[in-house]
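Working through the structure, step by step
Each chain, written out:
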Amino acid sequence: MELFTYNSVQQLVGQQIAVLHPETGLAQLELTITEVSRHKGMEHAFDAFSVHLQGPADMHCPQGVYRLSHKAFGTADLLLTPNAIDSYHICISRKKAAS
């Protein structure tokens, strides 16, 4: 997940990422990154951002941890939360390493 950073994901707005099948590892769904936004307040201590995604209405993913893939970050197991039948959200908040 170390490659799934604000800087790497922000460059992917408009691109698709694959949701991999847990048993086969093959792409079962493609989601488009529509927005990446930073969380305000604790920027000095935390790398905190949100990723908004859009998918097809006929293939809904319930809330859960999914393996996502893109050549820019490899694979990452992340909590995907639905906002609507075709809209999803990922929230990242991790403490920055001490300098």
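As the structure is a prediction and not an experimental result, all values here were calculated from the model.

Below, the discussion takes up the overall build of the protein. Along the backbone of the protein there are one helix and six strands. Element order for the protein, N to C, with α for helix and β for strand: α-β-β-β-β-β-β. Here the protein has a C-alpha radius of gyration of 13 Å; the compact-globule value for 99 residues is 13 Å, and the two agree. Projected onto its principal axes, the C-alpha coordinates of the protein cover approximately 45 × 25 × 25 Å. For the protein, the proportion of contacts with a sequence separation of at least 24, taken over those separated by at least 6, is 52%. Approximately 5,900 Å² of the protein is accessible, and the part contributed by carbon and sulfur atoms is 53%.

Right, let's talk about the pairing of strand β5 (residues 74-84) for a bit. In the sheet, strand β4 (residues 64-70) pairs with β5 via seven bridges, with the strands oriented antiparallel. Bridge pairing in β5 places Gly64 opposite Leu80. Joining the antiparallel neighbours β4 and β5 is a turn of three residues. Linkage of β5 to strand β6 (residues 87-95), two consecutive antiparallel strands, is achieved through a turn of two residues.

A separate point is the environment of Ile33. For Ile33, the location among the structural elements is in strand β2 (residues 27-38). A relative accessible area of 2% places Ile33 in the buried class. Taking the C-alpha atoms as reference points, Ile33 and Gly55, separated by 22 residues in sequence, lie 9.1 Å from one another. For Ile33, the contacting residues outside a window of four places in its chain are Val9, Leu12, Val13, Gly14, Gln15, Ile17, Val51, His52 and Leu53.

Scoring rules and cut-offs
- Residue indices follow the written sequence of each chain, beginning from 1 at its first position.
- Residue-level local features of this predicted model are given only where pLDDT is at least 70; pairs of side-chain atoms are given and counted only at 80 or more, and the full residue set underlies all totals for whole chains, interfaces and linings.
- Hydrogens and water are ignored here; the side-chain numbers use all heavy atoms of the structure.
- The helix and strand labels rest on DSSP assignments: H or I over at least four residues marks a helix, E over at least two residues marks a strand, and numbering proceeds from the N terminus.
- With C-alpha atoms as the basis for the radius of gyration, the globule rule is written as 2.2 Å multiplied by the number of residues raised to the power 0.38.
- The contact definition used throughout considers only heavy atoms, calling two residues in contact when any of these lie within 4.5 Å.
- Method for areas: the Shrake-Rupley scheme with a 1.4 Å probe, in which residue coverage is limited to the protein chains shown.
- When DSSP finds two or more bridges between a pair of strands, those strands are recorded as paired.
- The classification of residues rests on relative accessible area computed with a 1.4 Å probe and restricted to protein chains. Under 20% of the type maximum is buried, over 50% is exposed, and intermediate values are partly exposed.

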